[in-house]
Amino acid sequence: MTKVFVSAVVDAPIDQVWGKVRDFNGLPQWHPRFSRSHIEDGLPSDCIGCVRNFDIAGGGGTIRERLLTLSDLDHTFTYCILTSPLPVEGYVATLKLFPVTVGNKTLGVWTAEFRVTNGKEADVVEAVGNGTFGKAFEVLNEFFASRR
Amino acid sequence: MAKVYRSAVIDAPADVVWTYVRDFNALPKWHPAIATSEIEGGLPSDRVGCVRRFTRRSDGGLLRERLLALSDADRTFTYNILISPMPVANYVATMRFTPITAGNKTFAEWWAEFDVTSGPEQVTVTDIGDNVFVAGFASINSKLAKH
């Protein structure tokens, strides 16, 4: 089992960061690595069990992921990959936000566990860890910095 | 039941911070409000169940706290108060340290639940949150910060 753990401080209050990332259908609106998304079967994007169907930008293929848990209390959600161009299986990931009370900021922690089915494990870890999770925290910081 | 939660970024790697603070007998080393500390009965300070007996710098006030849980895997420990000059009862607190991979820093959390036995609840909550927890973070950061 491969594990990825990426964490970063986002310089905005937790309610603002959570408001930005909570929408399971909203990833392409703020993450440049992804484009187009819809929730299958017309379900609300905060309905546990719903499936988001979205594209990797630049023709990288389609990913389908199922929402497994969502907590407004703990500012966290968990999802699994159903189909993906990535050579992974058993992929489960969690995004969780924590308040940084000193300075009124947010800590984002994004973790994933999966098995690599093909190719180099380090390449997959890089694509998931820095390419997706790390990039997400970077663009969130840029977004909130641009609003100040 | 009153609850207090404080968290901060410490500009040092999580393993460095954890090595520094996991010693249940080390409060005088890093907390500016604490003068002396010993573990009762000569027990190791990482033996779950041990009691630290320590005094406040301001007034010599005595506190006894029991280590309830300690995890190197999760970089966290939990303790409760047995005796304290503070107006609290049923006090249980936890410290936890999480790596911040962006910048190789540490996210430090400290929280507690307790009953306030005299005086305005908010006064005690703010006192513990700011003068104990945040002051502790600031001191750890000043001793370990890379920059």
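This is a predicted model, so every value here is computed, not measured.

Definitions and cut-offs
Residues numbered from 1 in each chain as written. Chains lettered and ligands numbered in written order. Predicted model: local features only at pLDDT ≥ 70, side-chain atom pairs only at ≥ 80, totals over all residues. Heavy atoms only, no water. Helix = DSSP H or I, 4+ residues; strand = E, 2+ residues; numbered from the N terminus. Rg over C-alpha atoms; globule rule 2.2 N^0.38 Å. Buried < 20%, exposed > 50% of the residue type's maximum accessible area, 1.4 Å probe, protein only. Contact = heavy atoms within 4.5 Å. Areas by Shrake-Rupley, 256 points an atom, 1.4 Å probe, with all protein chains shown as cover. Lys, Arg positive; Asp, Glu negative; His and termini not counted. Charge placed at Lys NZ, Arg CZ, Asp CG, Glu CD. Arc of directions from axis to C-beta. Disulfide = S-S within 2.5 Å. Buried area = accessible area lost by both parts, 1.4 Å probe. Salt bridge = Lys/Arg side-chain N within 4 Å of Asp/Glu carboxyl O. pLDDT = per-residue confidence, 0-100. Pairing = 2+ DSSP bridges. Axes fitted to C-alpha atoms, helices over the stretch in contact; angles between N-to-C directions. Left-handed = near helix turned anticlockwise from the far one by under 90°. Nonpolar A, V, L, I, M, F, W, Y, C, P; charged D, E, K, R; others polar. Phe/Tyr/Trp six-rings, centres within 6.5 Å; stacked < 30°, edge-to-face > 60°. Expected span 1.5 Å × (residues − 1). Bend = angle between axes of the 7 residues up to and from the residue.

### Remarks on the overall build of chain B
- Helices and strands together make up the secondary structure of chain B, namely three helices and seven strands.
- Taking 15 Å as the expected radius of gyration for a compact globule of 147 residues, we find that chain B reaches 15 Å, a close match to that expectation.
- Once the C-alpha set of chain B is aligned to its principal axes, its extents read approximately 45 × 35 × 25 Å.
- Out of the 147 residues in chain B, the part that is buried amounts to 45%.
- Counting only contacts in chain B whose residues sit at least 6 apart along the sequence, the fraction spanning at least 24 positions is 49%.
- For chain B, the exposed area adds up to about 6,700 Å²; of that, 50% sits on carbon and sulfur atoms.
- Taking the 16 positively charged and 16 negatively charged side chains of chain B as two groups, their mean positions are separated by 3 Å.

### Section: helix α1 (residues 14–21) of chain B
Residues and elements named next belong to chain B.
- Within α1, burial applies to Ala14, Val17, Trp18, Tyr20 and Val21. Looking down the long axis of α1, one finds its buried residues gathered within 160 degrees of arc, a one-sided arrangement. The outward face of α1, more than 90 degrees from its buried face, is lined by the exposed residues Asp15 and Thr19.

### Concerning the state of the cysteines
Residue and element names in this part refer to chain A.
- Counted under the stated rule, the structure contains zero disulfides over all chains.
- As a non-bridged cysteine, Cys47 has Cys50 as the owner of its nearest cysteine sulfur, 6.2 Å distant.
- Not part of a disulfide, Cys80 finds its nearest cysteine sulfur in Cys50, a span of 11 Å.

### Some words on unusual backbone geometry
Residue and element names in this part refer to chain A.
- Residues other than glycine seldom take positive phi values, yet Arg36 does so here, at roughly 50 degrees.
- Within the fold, Arg36 resides in strand β2 (residues 34–39).
- The phi dihedral of Asp41 is positive, around 65 degrees, even though this residue is not glycine.
- Mapped onto the secondary structure, Asp41 falls in the loop between β2 and β3 (51–56).

### Thoughts on the interface of chain B and chain A
- Counting from both sides, the interface comprises 14 residues of chain B and, opposite them, 11 residues of chain A.
- In this assembly, chain B packs against chain A so that about 980 Å² is buried in total across both faces, 71% of it on carbon and sulfur atoms.
- Three residues stand out in chain B for area buried against chain A, namely B:Ser7, B:Thr101 and B:Phe107, and they jointly supply 38% of the buried area on that side.
- Across the contact surface, chain B and chain A share zero salt bridges.

### Focus: the confidence of the model for chain B
- Taken residue by residue, chain B gives an average pLDDT of 97. The fraction at 70 or more is 99%.
- Across the interfaces of the predicted complex, the ipTM metric reaches 0.91, alongside a pTM of 0.93.

### Points about the pairing of strand β5 (residues 76–83) of chain A
All names here are of chain A.
- Taken across its eight residues, β5 has six buried, putting it largely inside the fold.
- Here strand β4 (residues 61–71) hands over to β5 after four residues, with His75 in that stretch at a positive phi of 55 degrees.
- Looking at chain direction, β5 and strand β6 (residues 88–100) are connected through five bridges and run antiparallel. Paired with Tyr79 across the bridge in β6 is Ala93.

### Points about the packing of α1(B) against helix α3 (residues 121–144) of chain B
Residues and elements named next belong to chain B.
- At a closest axis distance of 11 Å, the pairing of α1 and α3 adopts a crossing angle of 115 degrees. In the crossing of α1 with α3, the sense of the turn from one axis to the other is right-handed. In contact with Val16, Val17, Tyr20 and Val21 of α1, α3 contributes Ile140, Lys143 and Leu144.
- For the contact of α1 with α3, the per-class residue count stands at six nonpolar, no polar and one charged.

### What about the packing of aromatic side chains?
All names here are of chain A.
- Summed over the entire model, instances satisfying the criterion amount to 22 aromatic pairs over all chains.
- An angle of 15 degrees between the planes, with centres 5.4 Å apart, marks the rings of Tyr91 and Phe114 as stacked. Separated by 23 residues along the polypeptide, Tyr91 in strand β6 and Phe114 in strand β7 (residues 105–116) bring together distant segments of the chain.
- Note on Tyr91: relative accessible area 6%, which makes it buried.
- You can call Phe114 buried: its relative accessible area is 0%.

### Things to note about α3(B)
Residue and element names in this part refer to chain B.
- Between its terminal C-alpha atoms α3 stretches 33 Å, which fits the 34 Å expected from 24 residues at 1.5 Å a residue.
- Along its length, α3 reaches its greatest deviation from straightness, about 25 degrees, at Ala135.
- For α3, the full list of buried residues reads Thr124, Val125, Ile128, Gly129, Phe133, Gly136, Phe137, Ser139, Ile140 and Leu144.
- Buried residues along α3 sit against β1 (2–10), α1, α2 (27–30), β6 (88–100) and β7 (105–116).

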